[in-house]
Amino acid sequence: MEIISFLNLVFVNPLVEIFSYPIFFAEVVISGLLTGVMYSLVALGFVLIFKASGVFNFAQGAMVLFAALNLVGFIEQGFPIWLALLLTIIVMIILAFLIERFMLRHLINQEDIILFMATIGLTFLLQGFGETLWGSNVKPLDLGIPNQSFEVAGLLLNEFDLFAAGSGAILVGVLAVFFHYTRIGRALRAVADDHQAAMAVGIPLKTIWIIVWSVAGFVGLVAGIMWGAKSGVQFSLSLIALKALPVLILGGFTSVPGAIVGGLIIGVGEKIAEIYWRPLVGGAIENWFAYVLALAFLLFRPQGLFGERIIERV
Amino acid sequence: MLYRETGQFKISYAADQSVFPIAQDRWFVSLIIVIAIFVIPVLASEYLLQAVMIPLLIFSLAAIGLNLLVGYAGQLSLGTGGFMAVGAYMTYKLTTAFPDINIIIVFLLAGLIAAFVGLIFGIPSLRIKGFYLAVATLASQFFLLWMFNKVAWFYNYNSSGTITAPPREMFGVVITGPMASAETRYLVTLFIVIIFAFIAKNLVRGRLGRSWMAVRDMDIAAEIIGIRPFQTKLIAFAVSSFYCGLAGAMMVFLWLGSAETEAFSINESFNVLFMIIIGGLGSILGSFLGATFIVGLPIFLTNAPQLVGLSMPIDMQKHIEIMMFGSLIIFFLIVEPHGLARLLQILKEKLRLWPFPY
């Protein structure tokens, strides 16, 4: 009996629910997609830095927090929003410069794991610094983005989520153009392919790194605005790095489209599992479900969906 | 002059292959063990034992476990906290179900269960490598903690969801629970750590350790010379998880007294990883040095402002502490990326030649 009810919970009930209320299912999928865009935004910062410098930058989450803290801090100081944004961008560029000057430059040619650990150290540093500067209480971030739901063809949609998805799409578009058609973008791709060859043709590695970390800081700022407006700017913002990691391994560390598609898959998968398979596992699965989903994909494609093919030679 | 092996002739293979072939090393290690057993429990205060020595030893054991996996077998893992939780929760289940079994045996059984869990989560390591594997091991971290939080069976359906160490005796002395004195708990911890550090040291010198290192350095080449990478990696995961599980069990039963899943969070995993990186990857001694550094640093940072006579608000101090911790880690990685063990090695080489420069 128990087995039958278990199988029911796994295979029958969720599917029955899905097919009997298709509109609700569509709503779940769409809200999953919109959450997925938010994950992608964070994952994007990881991918940019990993592509250009081979550093697995665990501090991306802390950079999101740091950017959002600065923005809110400047707004609280009475600056208008556009000026606060500008100032935050300048702060992130200075940060990128400092990171290159005092950290990366001294760690050239070290093993990956050393660089990874250094970025974890950087995570602590940024969290501590941001909170020393601006305090650790939860700050609301209100940018005047409307947060109302409306109906389109029987589907309930949220304006804010659409706004977030839209700005995510614009950001990705701009980045794609930047990477493909500008001089700096081409230099970035060259560095990503081969550090030494890039240096040999005269690309200044250090400048490139500053640019990449600034761009990652900017992406972090966008993610920080979206997440901050949604849930307030606070310490837990830096933990969304942990949500972006499964997106990364699913999409592949080196692929910008991978980060987007991975984010969407994780977002939708998580929402569906949360809603339809809840009776089976009893909720609070958002911490690990994404990881297991990504792991399942990895078993078939060890380099992620869009990652570069791993070629090994003896 | 002090550290020179001239004149120490080996007359048997056994002597030549001993763990510490140089007499000075042998004396030094014996001296430290003697001090740890006889001097520290007598001289150290309750606070020093509870806040410094016991966690230091327990984290050393966890660091040895992770070092076997990361430093020797080359499989980056971020799931340490999860495996430690398995050890702790399984010890709790076993010792409440069978109160008559000696607690040390329960520790070992819980370690074996942790090893089995590690084996399962090690399976992806055949196909996935590097950072992909590291992130994949996070799955074990989050899944295991969620499970211990959600399934009430693991904490015997009590309302608070915490596991508490019940009093257990050995040779008529209470060694766990609130009644046990810090000295007893310290000594039990010390003996377990010494024994397992010795086992680990011998593991990595033997056939198994060599095959781990071969897989770490280049797994395809290792496969070609006849090492089975899958088995080797899985054994590494199992042994490492055994050590971590044992450390987790000791953490709750010999140090904290009671714990929730929070005690085994991802921060714990990162801390243990810091220990082996700062101590030195692929070094048993390094695990101890790294644990000393990471356990000692926060205590030092908390007390440092008072020593210089500075006073500031608590939360401000907390933030500055985190900042200092982060920047010291970065600084250390820049100055000596190969860890404290490497520094010690350099020191030894210098001492060997002293007073001549080369």
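Residues numbered from 1 in each chain as written. Chains lettered and ligands numbered in written order. Predicted model: local features only at pLDDT ≥ 70, side-chain atom pairs only at ≥ 80, totals over all residues.

Describe in detail the overall build of chain B, supporting the description with residues and values.
Per the secondary structure count, chain B includes 14 helices and four strands. A compact globule built from 358 residues would reach a C-alpha radius of gyration of about 21 Å, and chain B, at 21 Å, matches this within 12%. Overall size of chain B, expressed as C-alpha extent along the three principal axes, is 65 × 60 × 45 Å. Taking as baseline every contact in chain B between residues at least 6 positions apart, the subset at least 24 positions apart corresponds to 75%. (Helix = DSSP H or I, 4+ residues; strand = E, 2+ residues; numbered from the N terminus. Rg over C-alpha atoms; globule rule 2.2 N^0.38 Å. Contact = placed C-beta atoms within 7 Å.)

Tell me about the overall build of chain A, and please be specific about residues and values.
Each helix and strand counted, chain A has 13 helices and two strands in total. Looking at chain A residue by residue over its 314 residues, the buried ones come to 46%. Pairs at least 24 apart in sequence give 75% of the contacts found in chain A among residues at least 6 apart. (Buried ≥ 20, exposed ≤ 12 C-beta atoms within 10 Å, placed from the backbone.)

Quick one: what's the story with the interface of chain A and chain B, residue by residue and with numbers?
In this assembly, 38 residues from chain A lie in contact with 35 residues from chain B. Mapped onto the side of chain A that touches chain B, the elements with two or more residues apiece are helix H5 (112–134), helix H10 (240–251) and helix H13 (289–300) of chain A. Take the side of chain A that touches chain B: its biggest share by element is 15 residues, from H5(A). When grouped by side-chain class, the residues that make up the side of chain A that touches chain B number 26 nonpolar, ten polar and two charged. (Nonpolar A, V, L, I, M, F, W, Y, C, P; charged D, E, K, R; others polar.)

I'd like to hear about helix H7 (residues 183–193) of chain A, residue by residue, with values.
Residues and elements named next belong to chain A. Considered for burial, the residues of H7 that qualify are Ala-187, Leu-188, Val-191 and Ala-192. Projected down its long axis, H7 shows its buried positions confined to an angular sector of 140°, all on one face. H7 presents Arg-183 and Asp-193 as exposed residues on the side facing more than 90 degrees away from its buried surface. Its buried side turned inward, H7 meets helix H2 (22–53), helix H6 (159–181), helix H8 (195–200) and helix H9 (205–231). (Arc of directions from axis to C-beta.)

Please provide a residue-by-residue account of the environment of Val191(A), values included.
Residues and elements named next belong to chain A. By the element assignment, Val-191 lies in helix H7. As for Val-191 and Gly-54, which are separated by 137 residues in sequence, their C-alpha atoms are 9.7 Å apart. In contact with Val-191, not counting residues within four places along its chain, are Ala-52, Ala-198, Ile-203, Leu-205 and Ile-208.

Which residues make up the environment of Ala241(A), and what are the values?
Residue and element names in this part refer to chain A. Relative to the assigned elements, Ala-241 resides in helix H10. Expressed as a C-alpha distance, the spacing of Ala-241 and Gln-196, which sit 45 residues apart in the sequence, is 30 Å. Apart from residues no more than four positions distant in its own chain, Ala-241 is found in contact with Val-42, Phe-58, Gln-60 and Gly-61.

Would you mind going over the packing of H10(A) against helix H6 (residues 130–150) of chain B in detail, with residue names and values included?
Viewed as axis vectors pointing N to C, H10(A) and H6(B) meet at an angle of 130°, and their least axial separation amounts to 10 Å. The orientation of H10(A) relative to H6(B) falls into the category oblique. For the pair H10(A) and H6(B), the sense of crossing is left-handed. Taken together, the residues of H6(B) that come into contact with H10(A) (itself represented by Leu245(A), Pro246(A), Leu248(A) and Ile249(A)) are Tyr132(B), Val135(B), Ala136(B) and Leu138(B). Of the residues in the contact of H10(A) with H6(B), the class split is eight nonpolar, no polar and no charged. (Axes fitted to C-alpha atoms, helices over the stretch in contact; angles between N-to-C directions. Parallel < 35°, antiparallel > 145°, perpendicular 65-115°, else oblique. Left-handed = near helix turned anticlockwise from the far one by under 90°.)

If you had to explain the confidence of the model for chain B to someone new, which residues and values would you point to?
Model confidence for chain B is summarised by a mean pLDDT of 86, while 99% of its residues fall at 70 or above. The ipTM assigned to the predicted complex is 0.82, against a pTM of 0.87. (pLDDT = per-residue confidence, 0-100.)

Can you break down helix H3 (residues 60–76) of chain A residue by residue, with the values?
Residues and elements named next belong to chain A. The terminal C-alpha atoms of H3 lie 24 Å apart, and with 17 residues this matches the ideal 24 Å at 1.5 Å per residue to within 8%. Burial within H3 is extensive, with 16 of its 17 residues counted as buried. Where H3 ends, the next residue or the one after it, Gly-78, has phi of about 100°, a positive value. (Expected span 1.5 Å × (residues − 1).)

Give me the lowdown on the nonpolar core, citing residues and values where you can.
With 207 residues, the main nonpolar core has Ala68(A), Val212(A), Ala62(B), Tyr243(B) and Met250(B) as its most contacted residues. Top element by residues in this core is helix H10 (residues 229–256) of chain B. It accounts for 17 residues. (Core = buried A, V, L, I, M, F, W, Y, C linked by C-beta atoms within 7 Å.)

Explain the environment of Leu353(B) to me, using residue names and the numbers behind them.
Considering the arrangement of structural elements, one finds Leu353(B) in helix H14 (residues 339–353). Residues Leu353(B) and Thr189(B) lie 164 residues apart in sequence; the distance between their C-alpha atoms is 38 Å.

Residues and numbers for the packing of H6(A) against H7(A), please.
Residue and element names in this part refer to chain A. Running from N to C, H6 and H7 cross one another at 80°; their axes reach a closest spacing of 5 Å. Taken together, H6 and H7 sit at an angle that is classed as roughly perpendicular. Along the contact surface, H6 presents Phe-178, Phe-179, His-180 and Tyr-181, while H7 presents Gly-185, Leu-188 and Arg-189. Along the lines of polarity and charge, the residues of the contact of H6 with H7 split into four nonpolar, two polar and one charged.

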